[in-house]
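# Structure assessment
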Amino acid sequence: MDAHFDNPELRDISSSHIDILELLFGKLTECRRSSLKRCKERSLQEAFKILKERVRLESLERLQLLSLVKLLVAVQMEAVNIPVLCRKLDQMVQFIGEMNSDIVYEEIQLHINTLMHSDQIMSIGDLQLVSMFLESSTLGQGILRRESHSVLAKVAEVFVSSQEEDVLRNETLCYQAVKVCLQIFQILPKEVSSMVFGTEQSNPVLTSILGFLMDIILGWSINKDTRLLAGTAVAMLINTAPEEKVGRMAAWSLLQFTRPGDPYLKPWKLTLGELQVQCHCRTKDRLERLALSRGLLTACRKDILAYDLDHNRTCLLLDMFPVVSALCEESLEDHYYAFQVFTLWLKCLKECQPSILEMSSVPLLGQDSSLQHQVIEIIWKNAESPIEGITDSARNALCLFLEIYELDCQHHGDVERVLYLEMLHRTIELPWETKAKYLFLCVLLPYFGSEVVLKSYNEFPAHLLKCLSTNQLSSCASEFYKLLIQELRKELCKKQTSPPSEFELASTWSKYWQATLLEALTSDVKLLQTNAVSHLLPWTLRTFPSAPMMLLDFLDPTSQGHLKAWTCIMSTHRATCGESSWISEESHAFRTLQNALTCHDDDVRLAAFNVLCCSSKSKEMPNALEFSAMRKYIPLNLNSEAPPFRQQFYSAVKKFLCRVRDTCLAKVLKTKSKMGFSLEDENTLCKGVEFVDWVAELAFHYLNPGSKYQRKKTVLLLLSAVLETCSDTWSPEKKKGQPPANISSLITWARSKGRWDFFSKSKQLALISCLEDMTNEICELSAELLVLYFPKHFPDDVVPLIFSRAEHFLHSPRTQESQIGALMMKVLLQKSVDLSQEWLNSRVNGDVNITSLCQYLLQLMQQHYFTAKTDMLMASQTAPIHGAVNALQRCLLEVPGVLYNEMDESMFAKTLSLMENMTVLLLGVLYGDQDTESKEVPPSFCEMGNAISSVIGHQLGSDDHEEEHVLLPEEHSLVLTCCWVSLKEIGIFMGSLIEMMADESNKMDHLVTAGDMKRMSKLFKDIILKCRHWGAVEGCCRGFTKFCSTLLVSADREIRDIPAQLLKEGLQLLQSPRGTSVTRRAAGLPMLFLCVVSAAETNQSRSLLSLSINTLLEVANRPLPDNWDQTVDLPQVCAVHSLNALVRGSGLAVAILKYCTVMATLALTLLNSRCWAVRNAALQLYSSLCTRMLGQSPGGDHATAQCGMSALTFFTHYPSLLPFLLGELRNAAIDLHHSSQHRRLCVHPSLYPVLTLLAKLQPGIQPETRELSEAVTPLLQLASSPVYSVRMMASKAMVAMMPSSKYPAFLCKMVEELPRSTEEPYSHNYLHGQLLQIRAMLTQVMQTDKAALNSHSLIVEVLESKMWLVTTTQQCLMIRGLYLDVISLVRNSCSKDFLHQLCALLLSELHTSSHHLQVGSDSFYGVALHFLCKDRSWMCLVWQNFSSWNAVFKLSLLRWASETCGSSMTNMPHLLEKILQVNLKEVLLNEDTEIRVVYLKAFVSVMTGGVCSLVLEEAAIQECSEILVRSLEVSDGGSEYLSQALCAASLLLSKSLDHTLFPRLCNILQRHMVPNASEALRMACAESLCLAGVPLMCKDQKSNPHKLGLSIRVVNIGLCLLQDQSEQVRVKAAVFVSKVQNPTPGGIEQQQKSSFLAHVNQSILMLLDLLLEDFWDHCDLLRVLLYHLPESDFSRLLKDTKETNLYERDDANMHAEPLAISECVLPYLLQLAKKYPESSGLAQILDNWVHDNLAQMLENLTICKKIISGQQSLECSWLSVLSEPLFHSHLCGLFTRAIFLNQLLMLSAELHLLYNSTILSRDLLDVYRQLCMNGVFLPQVFPDAIMSFLEKSNIQVL
């Protein structure tokens, strides 16, 4: 094709200086060469614009015009696979054709003639060209119309050759040929019709084509898409019939074959017009019926489908329904397509309904119509299908069906329309967990209206809240809510004659939904709240714009939980309506918004940011308040640990930046034509440009290793937002979010003002340093920003620096560092000009000629291989193989165009040979023997350990193998890691390489032979089967799957058969006897099977999957040998594990469903095996099968143990499984009966798994079917099982298998059957089982329909009459406790007399039995105590006797108090607090640690949950406190007890008048707040601050100097805990700060309601404010502030050497950030320095500090200057310094202390004599500038302070 771009005519045009044409040709050339579709579209769009607006076609000569046409047609022929481009190019061709049609016609005619008159059989490319001319070329279509016979003849030749050359049968060629046939039949119907339905003899070409199409449909092709398309093509051929009758006869002939039956036995003749072909089915997959039915419904004309041929009041469409219905009943593999056919049938029926209604006077879907019944059942059975997408399709089907029913009723005058009401009731009866319930209600709503639906379904508001608490149901329930309120608005507007006001509409809405929406918005359940904000709120405000007023009136933003609701409403309201009611700084709304911006809750802050950032107008400039708030609060939100927060924060800021950009750009464009800017425009532009610049600078300030991952990720996202919005880089992969085309005008203006310098060399260095981060996300995002936005090439002095660092990392043994080196090599390849060949040659050893970076990496990999071959230990330490492999992969495969340019025959051969050699070497190291060919079993871990030890010993010169190591030595880990990671990388690389080469078809055909593929397959097989490490096998399998996928679509039969051969070899290996055990999961064999079978395309028949499963089932079913070795793997075990792997494979999720029944049967059968390994494997397989068959379970707060599928739906999809399960249940029940008669235990291994499966099914409203009802009897019999778990699961299974309508009657029966006294004979096991079933069913009824229970008061009355079951007459404590559980469920319905009698009985029992314990007493008495404590009066009686209860009762009561006080504090009586206080000392002296822990937990919970009034005297408080403090000081009792003791001691001391123990408490807090302490103790320290620290910090206690010192210590502890590793600890410390800042009288309960919890970062600032405000003159303040600064001793830093270990040691506190805390503390140090003249005591303290630290400070500054001054030219050592976190932390500590010192030198004349502050300021500024030039950016607070010093000294700085 290059000839079209280099012909003489084009050169002539170019040389004639026609600039416009050059530009046009340039755009077309750019379109051709671009690899991205969006780039092609953009270039072509610009070219078309140039052609229409700027090119004067009439002025061009014929040769010039011909050259242009040739170019356009050439580009069009290259873009055959992109229809959008072809159509656009055709428009351009037609545009030229309007000027000179002859030239265009001749050019296209030339190409078509070349195709038609060639002696060669059409290739795929030729067929694609024909397809393109038919579909996207107007002139080409006309030419092909005249050449229709020739086109069909050429296509027939393709089919003939495909049949002869079986090698091409399954290729794209077959599909493309069918596609061309379909297009010809569709686009050229007249020409085809004469050949098919003409009077002349049948056309042999069309007869041949029809025969081939039918062969494809009947299984000649295994490609599913091809068969379906062929079905459409045949139906389209029928469409060419000139008359309806002729078409109907042809379609009828085709329909006969689709009817249910067995068409596989004999050939069948198909007649279409004059064409007759013999058909014979080649497969039995039933796909032919699906293809033909789908084709007829998709392509056949409606007049043919609805034509009444024999006047028998029917038509083809109605005759097709039995076929469609049968398809929906068949296997799950093609069920999605089958249901799609059903939906198509309904759609056609609706379109043909008027014609069909004219045929018959009988209603089509009448009440007694079998068609109506069958259609409804198909829809209903598929409503809960486990196959993705079918539930939504069922909704569409129901919608179509009801529309058909509506028209049918209208035509026949049926006004009752009973079906609507039946469907509504049936839908409402579905459980709330069913997704289809809400989808169907959406369809039914228009037929009833909102009022009727809500009246019938009055539980929807409650169910809506439950659905919003589960991710699976939130969207569908919200959709129904949206339609409901929209329908409500329509109804309200229709009812009134005059249009109602928005306020009236919103008032009506609020009556129905205000309470529900407020409950959701203020809920404590985060998922419910989030989904309400995302789904309900936007649609509510869009539908009822006045609804916000209704909602906001009921919210109190100062109360806990309401702030988020307020903020979300404001945010959504602004986004939808654009209003800003908080615009005034003095307004209450803005103050509330500020609280939201500093709130601890991420969601509240996000909503507040959205209020600031969102606007309905994109060009609305933010006001001063918005700018100020964003500058203030963005820095406080950079270290969030929540990824969703970071992403949404980035989105919000990006919206804000887009507003700023669009407004500023509009100003620039508006004033571009004027003489100059107005003052207002200038100010607006300056504000916007400065803010964008500020965001970018803020990002660069934190891009250093001293920042933690969260901060770096956030600022990288912010930087990305800036570059995406405010740079002129167009990103082709993005459909939205591109910068405006004229953004360059704004960029030019900003840069003229010295702003927006985003791409300087120093900032490139900052991003380059991020490439060395130890987290993949930071590295990848930094690399992406460098490549997309920064200049195309790195500066010349940066390239060697990056290359050296990349080399260094590629030689690192650490996997993460080697990946960093690979990424740096990739970035270097993308961002550098051609690297010097001489320079590359100098980097490798040996006499080689390196011409590119990829060749260098290949040579480096070879060097590493030679090193490993010589000295494996040295290679693992200094030359690991995996680094070079990863680097070559990233450079060769991830950089566009590199593979095409670099890969040639020699390079591929060298790469493959090297990979083979490295694999053999690495496996040989693991085996301890380089001869691995004869070994089929991977070495055990022990053998690998011995082999590696031998390698290490040999290379270290030591043969001592007798020493045993408890831990692996460092050398052993290095070698082992090197082997495993390298094998993984080799597998990934080779698979990706073949996949990429297949995309470059020329590379694949010319470079790779079948022999090469076999060598690679052996490489994969060896790694998977001979390497035991799961990570290595799994990683290699990623590449192996790509490899197999590529091979399976190859045109070469020999290559395409390689995966099948591998599979057969693996299956053969599995069946062969083994001499050793591999693993319990059969090592790599299952993964080998999974990779091969999942590699097949989903549109192909899964023949390999069928082969695998059938073989594995056969092996697994084989009987065990009489004597087997327990230490050797059995083929049966391996087979079951392999089946398990196939079931768990996500790529086979749908395809595996058709085999689930037989595999489940196998698994349950094998549970009876006498071999443990078989049973274990079978149980794992069964578990995976249950997960796969049951589908996704509803998640969230209201999730249950059941899945989302009812029993009826489940067994509809797996019908053959039900008889087997019923048989298992019956056998177990029969054996249970026999075993009870013979008094022996008979256990069925498969029983519990069967019950578990049934118990997981969702209770449904299914009608009582005979099959399901047969399960009830054995489940009732299993209630008497001697095994507790069987009885429990049987009760749960009963709920699922019984229709919900039968629950009340069943409960009545079960309750009546309970024995009335001990005189009646009964079985304890059966009685317990009965109660379990009653409890399970009652629980379900209480959750779904309490009204049903209330209407059956007889159940409660009978239960009350069986009270003897809880008395001592009943000796089984389990039965007594279970009876209490049942009564608890119906407690509100029980009579008061019964409850009083029962409670009195229980209390008496507790008194008499407290010292006579027996088995099960703990459980029963715990239930009894909890039952009594649910009533306030009885709870008081129980707790009054607390001291007399035994230890078991006390523990039960205390646990109840701990669990209950948090949820119902108002119900806790004062008596409980008093009892716990009175018994405190006694418990503290108890030696039982458990009771002490539980007691202290209850004590703290109760005291903090109420008013917290102490009744103890001061002496008792001191005594208890002393005991607790002493135990804390000696660390007695373990961390759990110490945590509770610390909280209890703090609580007591907070109420004490004597503060003598406070210093000791502070010492304890300081000891346990450190990062090395346990998290429980650190959390206790934070809770201690809340309990004891808050009273200490009160204003009235700060007059005491002793208390002032304690207060400062408490604040310091709070500051430390606010920087803790654990988020929970930080949050609790923030609670302490909030309480200190907002002390609220009235007790803890009042504080919890009104106190505002600030964000952790805001809390740090609040504590620092508090320190400076109240303690500025205290002697300890300076020490506290300096305590939080990082070290600044550079001399010590230079002496430290970094060890090179395999694993890097993490910091004790990964959250601490020296840079951020230095930035926070510096302003407070400067404020403290300004108070120097105000206090002599403070002055003395500061003077002493200066004298003590000045010399060391200057020394550190000098060392720092030396380090930086040596970097006048960039060196590799500087990048290592740049990436060292300690350097940055020391730098921050040094600058903070030096600036503070400088401030003191300026304020004190005496100190100024020690050192000149001006010199220090200049030195600091010089260092800062030099750092900026070399890629180190410190926060703005540092340069601002330095510049302030210089300004005060009247020194001008450039």
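To start, this report covers the structure provided alongside it.

About the cut-offs
Residues numbered from 1 in each chain as written. Predicted model: local features only at pLDDT ≥ 70, side-chain atom pairs only at ≥ 80, totals over all residues. Heavy atoms only, no water. Salt bridge = Lys/Arg side-chain N within 4 Å of Asp/Glu carboxyl O. Helix = DSSP H or I, 4+ residues; strand = E, 2+ residues; numbered from the N terminus. Buried < 20%, exposed > 50% of the residue type's maximum accessible area, 1.4 Å probe, protein only. Contact = heavy atoms within 4.5 Å. Phe/Tyr/Trp six-rings, centres within 6.5 Å; stacked < 30°, edge-to-face > 60°. Axes fitted to C-alpha atoms, helices over the stretch in contact; angles between N-to-C directions. Parallel < 35°, antiparallel > 145°, perpendicular 65-115°, else oblique. Left-handed = near helix turned anticlockwise from the far one by under 90°. Nonpolar A, V, L, I, M, F, W, Y, C, P; charged D, E, K, R; others polar. 1 Å grid on protein atoms, 1.4 Å probe; cavity = no way out; pocket = protein on both sides within 12 Å on 5 of 7 lines; lining within 4 Å. Points joined across faces, edges and corners; volume = space filled by probe spheres on them. Expected span 1.5 Å × (residues − 1). Pairing = 2+ DSSP bridges.

Another point: the pattern of salt bridges. Within this structure, the stated rule accounts for 57 salt bridges. A salt bridge links glutamate 479 to arginine 395; the nearest nitrogen and oxygen atoms lie 4.0 Å apart. Highlighted residues: glutamate 479 in helix 26 (residues 471–495) and arginine 395 in helix 21 (residues 390–412), separated in sequence by 84 residues. Given a relative accessible area of 23%, glutamate 479 falls into the partly exposed group. Note that arginine 1679 and aspartate 1676 form a salt bridge whose closest N and O atoms lie 3.9 Å from each other. Since its relative accessible area comes to 47%, arginine 1679 is described here as partly exposed. Salt bridges linked by common partners bring Arg574, Glu620, Glu626 and Arg659 together as one network.

The subject of this paragraph is the environment of methionine 990. On the secondary structure map, methionine 990 appears in helix 49 (residues 970–999). For the pair methionine 990 and phenylalanine 1020, spaced 30 residues apart in the sequence, the C-alpha separation amounts to 8.8 Å. If near-sequence neighbours (up to four positions away) are discounted, methionine 990 is found in contact with Leu912, Met915, Met1016 and Phe1020.

Looking now at the packing of aromatic side chains. Overall, the coordinates contain 38 aromatic pairs when judged by the stated rule. Their ring planes at 65° and their centres at 5.1 Å tell us that phenylalanine 656 and phenylalanine 691 sit as a pair that is edge-to-face. Taken together, the residues span a long stretch of sequence, with phenylalanine 656 in helix 34 (residues 643–670) and phenylalanine 691 in helix 35 (residues 679–701) at a distance of 35 residues. The pair formed by phenylalanine 656 and phenylalanine 691 is uniform in burial state, with each residue classed as buried.

Time to look at the packing of helix 41 (residues 815–831) against helix 45 (residues 881–894). Look at helix 41 against helix 45: their axes get within 8 Å of each other, and the N-to-C directions meet at 30°. Classified by the interaxial angle, the pair formed by helix 41 and helix 45 is roughly parallel. Helix 41 and helix 45 meet at a crossing whose hand is right-handed. Here helix 41 contributes Thr815, Ser818, Gln819, Ala822, Leu823, Met825, Lys826 and Leu829 to the contact with helix 45, which in turn contributes His882, Gly883, Asn886, Ala887, Arg890, Cys891 and Glu894. Tallied by class, residues from the contact of helix 41 with helix 45 come to six nonpolar, six polar and three charged.

Attention now moves to empty space enclosed by the protein. Per the counting criterion, the structure on display carries four cavities of 30 Å³ or more. Taken as a whole, the largest cavity spans an internal volume of roughly 130 Å³. As for the largest cavity, its lining consists of His600, Asp602, Arg605, Asn639, Ser640, Glu641, Glu1623, Arg1626, His1655, Val1656, Asn1657 and His1711. Those elements giving two or more residues to the lining of the largest cavity turn out to be helix 32 (602–613), helix 83 (1623–1637) and helix 85 (1656–1670).

Mapping serine 1184 onto the fold places it in helix 59 (residues 1172–1190). Among the residues examined, serine 1184 registers a relative accessible area of 9% and is labelled buried. Along the primary structure serine 1184 and alanine 1141 are separated by 43 residues, whereas in three dimensions their C-alpha atoms are 8.8 Å apart. Once residues lying within four places of it in the same chain are set aside, the contact partners of serine 1184 are Asn1140, Val1143 and Arg1144.

Okay, the side chain of glutamine 183 next. Along the polypeptide, glutamine 183 turns up in helix 10 (residues 172–187). Glutamine 183 sits in the buried class, given a relative accessible area of 6%. Those residues in contact with glutamine 183 that lie beyond four places of it in its chain are Ser131, Leu134, Glu135 and Leu188.

What follows is about helix 40 (residues 798–810). For helix 40, with 13 residues, the first-to-last C-alpha span of 18 Å sits near the 18 Å given by 1.5 Å per residue. Burial of helix 40 is extensive: 11 of the 13 residues sit out of reach of the surface. Turning to helix 40, its buried residues are Val798, Val799, Leu801, Ile802, Phe803, Ser804, Arg805, Ala806, Glu807, Phe809 and Leu810.

Bringing unusual backbone geometry into the picture now. Positive phi values are uncommon outside glycine, yet tryptophan 756 reaches one of about 60°. Within the secondary structure, tryptophan 756 is located in the loop between helix 37 (743–752) and helix 38 (761–770).

Between helix 52 (residues 1030–1048) and helix 55 (residues 1085–1095), the least distance of the axes is 8 Å, while the angle of their chain directions is 30°. Regarding the angle of helix 52 to helix 55, the classification is roughly parallel. Pair helix 52 / helix 55 crosses with right-handed handedness. Taking contact as the criterion, the partners of Trp1030, Val1033, Cys1037, Phe1040, Thr1041, Cys1044, Ser1045 and Leu1048 in helix 52 are, on helix 55, Met1087, Leu1088, Cys1091, Val1092, Ser1094 and Ala1095. Considering only residue class, the contact of helix 52 with helix 55 consists of 11 nonpolar, three polar and no charged.

Glancing now at the pairing of strand 1 (residues 268–272). Along strand 1, the buried face is formed by Trp268, Leu270 and Leu272; none of Lys269 and Thr271, which line the opposite face, is buried. The pairing of strand 1 with strand 2 (residues 275–279) spans five bridges and is classified as antiparallel. Across the sheet, leucine 272 pairs through a bridge with leucine 275, a residue of strand 2.

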